[in-house]
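Geometric and topological summary
Take a look at the letters that make up each chain.
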Amino acid sequence: MASASATETIERVKEPIQGFSRAWMLADSTNAYGVELGFKSGSQFWVVGRAGVLGGCPAEVAAAAIAFEPLDEVRAAWSGVPEGLTHYEVSLRYRDVITGWGTRVLAGSDPATLGAVDVLGRRIIDAAPAALGTLFAGWRQLPAPDSPPARAALTLHLLRELRGAAHIAAILAHGLSPLDAILAATHAPPRTGPGYAERMGYRGPFRDPAEVRERRVEAEALTGEIIVPFFSALTPEERARFGDAVERTCADAAVHTGP
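Now for a look at the structure at hand. Here, residues in each chain are numbered from 1, in the same order as that chain's written sequence. Totals for whole chains, interfaces and linings use every residue, but because this is a predicted model, local features are given only for residues with pLDDT of at least 70 and side-chain atom pairs only at 80 or more, for both listing and counting. Each side-chain value is derived from all of the structure's non-hydrogen atoms; neither hydrogens nor water enter the calculation.

The subject of this paragraph is the overall build of the protein. Numbered from the N terminus, helices here are DSSP runs of H or I no shorter than four residues, and strands are runs of E no shorter than two. Across its full length, the protein holds 13 helices and zero strands. Along the protein, from the amino end to the carboxyl end, the secondary structure elements read α-α-α-α-α-α-α-α-α-α-α-α-α. The principal-axis extents of the C-alpha atoms in the protein amount to approximately 55 × 45 × 35 Å. The buried share of the protein, taken over its 259 residues, is 50%. Contacts are residue-level and defined by heavy atoms, with any inter-residue pair within 4.5 Å sufficient. Pairs at least 24 apart in sequence give 75% of the contacts found in the protein among residues at least 6 apart. Here the open area of atoms and residues is found with the Shrake-Rupley method and a 1.4 Å probe, where only the protein chains shown may cover a residue. Of the roughly 11400 Å² that the protein leaves accessible, carbon and sulfur atoms contribute 56%. Only four residue types enter the tally: Lys and Arg on the positive side, Asp and Glu on the negative side; His and the chain ends are excluded. Where a charge lies is defined by one atom per residue type, namely NZ (Lys), CZ (Arg), CG (Asp) and CD (Glu). Positive and negative side-chain charges in the protein, numbering 25 and 30 respectively, have mean positions lying 1 Å apart. The classification of residues rests on relative accessible area computed with a 1.4 Å probe and restricted to protein chains. Under 20% of the type maximum is buried, over 50% is exposed, and intermediate values are partly exposed.

Have a look at this one:
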């Protein structure tokens, strides 16, 4: 039977999960739904949808939890919650977008594979302390749906929030600011550098990304190290099965992804 280390599995599932998340977060349908709710833009729906699990806290608290979004952008979104909705209720709507997306793009996926993503993924998620990050802790408390495609989609999002929380800790541990991390991001262009920072709402002048590039690479490695204990909740054989299931599920989703 195939087996895998925690580190191997963390690296194996990172890109598939990020690709799955970007697909529904950036989908035209997600942005349009946010505008239909009454937000000025889909990006404002993203801000409140993610951080609304914290409730009606000050915008500064929500910005601290998200970390990488400029405070002014968070303030604008936080004050722009449509009439008749609370911040927490917006998060429930955002969760419904995730699960609805999963229901659509994973409808033809193997139920056993989806079950492996959900059951094994939840064991990783449950092994992490709530102190890892407030958004992660908040999302983990949301009720999960019954259908396998919807559950798998929500579990993949929770795994993304788990890694995201670890990444914030790793960035700070290496003496970087969130803006530094964006400027020297290890992603392929255009998701790195001053241009990317400006698109996110930051305003220059910016430091030379080369000044912090090495620390940024080290922070990326530390991110994986932080979550090794949680992936160690699975046996080597279960980690191999989990990696297979995540890759297959995210590949299925990519085939059926649309606006």
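There is more to say, and it comes next.
By convention in these notes, a salt bridge is any Lys or Arg side-chain nitrogen within 4 Å of a carboxyl oxygen on Asp or Glu. Scanning the entire structure with this criterion turns up 15 salt bridges. Asp244 serves as the salt-bridge partner of Arg12, at 2.4 Å between the closest nitrogen and oxygen. You can see Arg12 sitting in helix α1 (residues 6-25) and its partner Asp244 sitting in helix α13 (residues 236-256), a full 232 residues away along the chain. Between Arg95 and Asp96 there is a salt bridge whose closest N-O contact spans 3.0 Å.

The biggest cluster of nonpolar side chains holds 64 residues, and the ones touching the most others in it are Phe20 and Phe242. A per-element tally of this core places helix α9 (residues 148-173) first, with nine residues. Discounting chain neighbours no more than four positions away, the residues touching Phe242 are Thr9, Val13, Ala116, Val117, Leu120, Gly121, Ile124, Leu159, Phe231 and Leu234. The definition of a nonpolar core used throughout is a set of buried Ala, Val, Leu, Ile, Met, Phe, Trp, Tyr and Cys residues joined through side-chain atoms within 4.5 Å. Listed in part, the 15 residues of the second largest apolar core include Phe68, Ala170, Leu183 and Ala219.

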